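# Chains, contacts and geometry: an overview
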Amino acid sequence: MRVLVSGGAGYIGSHTVLSLIEAGHDVVVVDDFSNSKPAVIGRLESLAGQHIPVHAFDLADHDKTERLFAAESIDAVVHFAGLKAVGESVAKPLEYYANNIGSTISLVRAMRRHDVRRLVFSSSATVYGEAAPVPYVETYEPLVASSPYGRTKVMNEQVLADVAAAGELHVALLRYFNPVGAHASGTIGEDPQGIPNNLMPFIAQVAVGRRERLSVFGDDYPTADGTCLRDYIHVEDLAAGHVAALEHLGAMAEPVRAFNLGSGHGTSVLELLRAFERAIGRELPYEVVGRRPGDLPAFWADPSRAADELGWRTTRSVDDMCADTWRWQSQNPQGFPDA
Ligand code: NAD
Ligand code: WQD
């Protein structure tokens, strides 16, 4: 297939571009580089050994999106493009709704006009909200997120389910748990701009000397060591999940299907820190501070649907995630270069 990857210069998109090419697909990228650097494309081309066509514009722009579909022959779309910072979404909700919903509508309109019917969408475990029992299962309802960012995921899922039900699309809604890690080459990885919001990139920046110490947000949760449990998933396993979902779309019994992409295991904040320390062979400074508002004590995936229907499961351990993150961060202490 010739696959359009929206947000293909970003963290998860870049790894998925490579996995798609390795699986024999052709890839076209659209990205406005609002949260990524053009340098990632050169790294991808070196790793893939081929040229990757890139269109640099805001996907919420209907005219430009239409022109892209007119110019390129596209068979399917993997849609990553969007803003993803939970805290920023509380401060700038309109930007989040306009970008995350607007880009999906623009994309799906152009897909309809050009008779492209296969879509894989980046959703999130955040759609399960605060009341869902763990492990999370795809059949849980109602989906209610607690931030504007999370609500854009719930709304996007609803928009896509309605369009699919009208017979216009086959959609896989992939609900990611906590993606971490990097490509084994150490040449691409997660490169947050500014102070990292998420745990693994923060630990990696402490390890490389960019931050003084990790703040552990609370150790009084009802868990074994008092810190929160999350289901960390290696970005390479996640990328493989997109290939599996894309190749399954034509065989899906229903036009829309949600899949959890997680390992099925919870790891605490302190366990992840200890694993990272093992990977680098030294201890890292940290202090326990107050809870971060909105954090849930513990959640992880029931990944059995993806195993049964997509034949996909995670293969990489938390130790692999830490070793690969460290290879990327130590080889690229400041992330991707600006030019
Ligand atoms: P990222 O920010 O690294 O990648 C997103 C890419 O999309 C960036 O390169 C950015 O420049 C681009 N982009 C944003 N808005 C755009 C627009 N309107 N037009 C064109 N390009 C645009 O984020 P990521 O971590 O790779 O996440 C990818 C997707 O997965 C997002 O939709 C995110 O919400 C979702 N997701 C991420 C996580 C996570 O923890 N990383 C978890 C669950 C879901
Ligand atoms: C993990 C744990 C923190 C940073 C977020 C989004 C979610 C999804 C993935 C997109 C928590 C603790 C963190 C730090 C810490 N994104 N922590 N010190 O919150 O599970 O999920 O990213 O959909 O929607 O909410 O991930 O990596 O931020 O936090 O102690 O400096 O690490 O409290 O327990 P989270 P995270």
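Residues numbered from 1 in each chain as written. Chains lettered and ligands numbered in written order. Predicted model: local features only at pLDDT ≥ 70, side-chain atom pairs only at ≥ 80, totals over all residues. Heavy atoms only, no water.

### Focus on the packing of helix α7 (residues 199-207) against helix α9 (residues 269-280)
The contact between α7 and α9 brings their axes to 11 Å, and the two run at 40°. One way to sum up the angle between α7 and α9 is to call them oblique. As for how α7 packs across α9, the hand of that crossing is right-handed. Residues Leu199, Met200, Ile203, Ala204 and Ala207 of α7 touch α9, and the partners they reach there are Val269, Leu272, Leu273, Phe276 and Ile280. Classifying every residue of the contact of α7 with α9 by side-chain character gives ten nonpolar, no polar and no charged. (Axes fitted to C-alpha atoms, helices over the stretch in contact; angles between N-to-C directions. Helix = DSSP H or I, 4+ residues; strand = E, 2+ residues; numbered from the N terminus. Parallel < 35°, antiparallel > 145°, perpendicular 65-115°, else oblique. Left-handed = near helix turned anticlockwise from the far one by under 90°. Contact = heavy atoms within 4.5 Å. Nonpolar A, V, L, I, M, F, W, Y, C, P; charged D, E, K, R; others polar.)

### What to know about the packing of aromatic side chains
Overall, the coordinates contain seven aromatic pairs when judged by the stated rule. Here the aromatic rings of Phe177 and Phe299 are separated by 6.2 Å at their centres, their planes lie at 55°, and the arrangement is tilted. With a gap of 122 residues between them, Phe177 in the loop between β6 (170-176) and β7 (178-180) and Phe299 in the loop between β13 (286-289) and α10 (304-310) connect regions that are remote in the sequence. With respect to burial, Phe177 and Phe299 carry one shared label: buried. Here Trp328 and Phe336 contribute two aromatic rings whose centre-to-centre distance is 4.9 Å and whose plane-to-plane angle is 50°, an arrangement assigned as tilted. With a relative accessible area of 2%, Trp328 lands in the buried category. (Phe/Tyr/Trp six-rings, centres within 6.5 Å; stacked < 30°, edge-to-face > 60°. Buried < 20%, exposed > 50% of the residue type's maximum accessible area, 1.4 Å probe, protein only.)

### Looking at helix α8 (residues 235-248)
Taking 1.5 Å as the rise per residue, α8 with 14 residues should run 20 Å; its terminal C-alpha atoms sit 20 Å apart, in good agreement. In terms of burial, α8 is largely enclosed, as twelve of its 14 residues are buried. Residues of α8 that are buried: Val235, Glu236, Asp237, Leu238, Ala239, Gly241, His242, Val243, Ala244, Ala245, Leu246 and His248. (Expected span 1.5 Å × (residues − 1).)

### Regarding the site of ligand 1
Close to ligand 1 lie 26 residues; Asp31, Asn35, Ser36, Lys84 and Tyr149 are nearest. Between ligand 1 and Leu59 there is a distance of 2.9 Å, counted from a nitrogen atom to a backbone nitrogen or oxygen. Notes on ligand 1: free accessible area 820 Å², of which the protein chains cover 95%. Per-element accounting of the shell around ligand 1 gives the leading share, three residues, to strand β5 (residues 118-124). Its residues placed into classes, the shell around ligand 1 shows eleven nonpolar, ten polar and five charged. (Near = heavy atom within 4 Å. Polar contact = N/O pair within 3.5 Å; in protein donor to acceptor, adjacent residues only side chain to side chain. Areas by Shrake-Rupley, 256 points an atom, 1.4 Å probe, with all protein chains shown as cover.)

### Some thoughts on the sheet that holds strand β2 (residues 26-30)
As summarised here, the arrangement of the seven strands in space is β3-β2-β1-β4-β5-β6-β11, forming an open sheet in which the pairing is parallel. The open sheet has two edge strands with one neighbour each: β3 (54-55) and β11 (256-261). Both strand β1 (residues 2-6) and β2 contribute to a ladder of five bridges, which runs parallel. Following the sheet pairing, Ser6 is matched in β2 by Val30. (Pairing = 2+ DSSP bridges.)

### Here we look at the site of ligand 2
The full set close to ligand 2 counts 18 residues, and Ser124, Tyr149, Ser215, Arg230 and Asp295 are the nearest of them. In the environment of ligand 2, an oxygen atom lies 2.8 Å from a nitrogen or oxygen atom belonging to the backbone of Leu199. Take Phe217: an N or O atom from its main chain is 2.9 Å from an oxygen atom of ligand 2. Looking at which element gives the most residues to the shell around ligand 2, the answer is strand β8 (residues 214-217), with four residues.

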